[in-house]
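Secondary and tertiary structure notes
Next come the chains, spelled out residue by residue.
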Amino acid sequence: MSAIEADKTVCEGIGMCEAQADNYFQVGDDGLVDVLTAEVPESDRGYVRAAIDSCPVSALRLKG
């Protein structure tokens, strides 16, 4: 299983990740990404990878 990491020091709250995978990402009240479910099963890996790759400031990583 893979895990999502978010770097809030880089995040600008654009929300591309949330638009593509709203069950994993949400832009919080502070305007920055919140990871709703950190662990990603293999069956969702491609879907989550696409959302992570859509981040224009590269604030997200998928480990494992």
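A brief look at the structure comes next. (Residues numbered from 1 in each chain as written. Predicted model: local features only at pLDDT ≥ 70, side-chain atom pairs only at ≥ 80, totals over all residues. Heavy atoms only, no water.)

1. Observations regarding unusual backbone geometry
Basically, it comes down to this: Secondary structure counts use DSSP, requiring at least four H or I residues in a row for a helix and at least two E residues in a row for a strand, with both numbered from the N terminus. Categorising residues by exposure relies on relative accessible area from a 1.4 Å probe, with only protein chains included: less than 20% of the type maximum marks a residue as buried, more than 50% marks it as exposed, and the intermediate range marks it as partly exposed.
Of note in this structure, Ser58 is not a glycine but carries a positive phi near 55°. Mapped onto the fold, Ser58 is located in the loop between helix H2 (45–53) and strand S5 (60–63). By relative accessible area, Ser58 is classed as partly exposed at 45%.

2. A short note on the pairing of strand S1 (residues 2–6)
Spelled out, the test is: Pairing between two strands is assigned when DSSP locates at least 2 bridges connecting them.
Pairing geometry for S1 and strand S4 (residues 39–40), over 2 bridges, is antiparallel. The partner of Ser2 across the bridge, within S4, is Val40. As paired elements, S1 and S5 share 4 bridges and run antiparallel to each other. Across the sheet, Ile4 pairs through a bridge with Leu62, a residue of S5.

3. Brief notes about the nonpolar core
Selection rule: What is meant by a nonpolar core is a set of buried Ala, Val, Leu, Ile, Met, Phe, Trp, Tyr and Cys residues, joined one to another through side-chain atoms within 4.5 Å. We call two residues in contact whenever any of their non-hydrogen atoms come within 4.5 Å of each other.
Ranked by internal contacts, the top residues of the largest apolar core, which has 15 residues, are Ile4, Tyr24, Phe25, Val48 and Leu60. Going through the elements one at a time, H2 and S5 are the ones with two or more residues in this core. Counting residues per element, this core draws most heavily on H2, at 3 residues. Once residues lying within four places of it in the same chain are set aside, the contact partners of Tyr24 are Ile4, Asp34, Val35, Leu36, Thr37, Glu39, Val40, Pro41, Asp44, Tyr47 and Val48.

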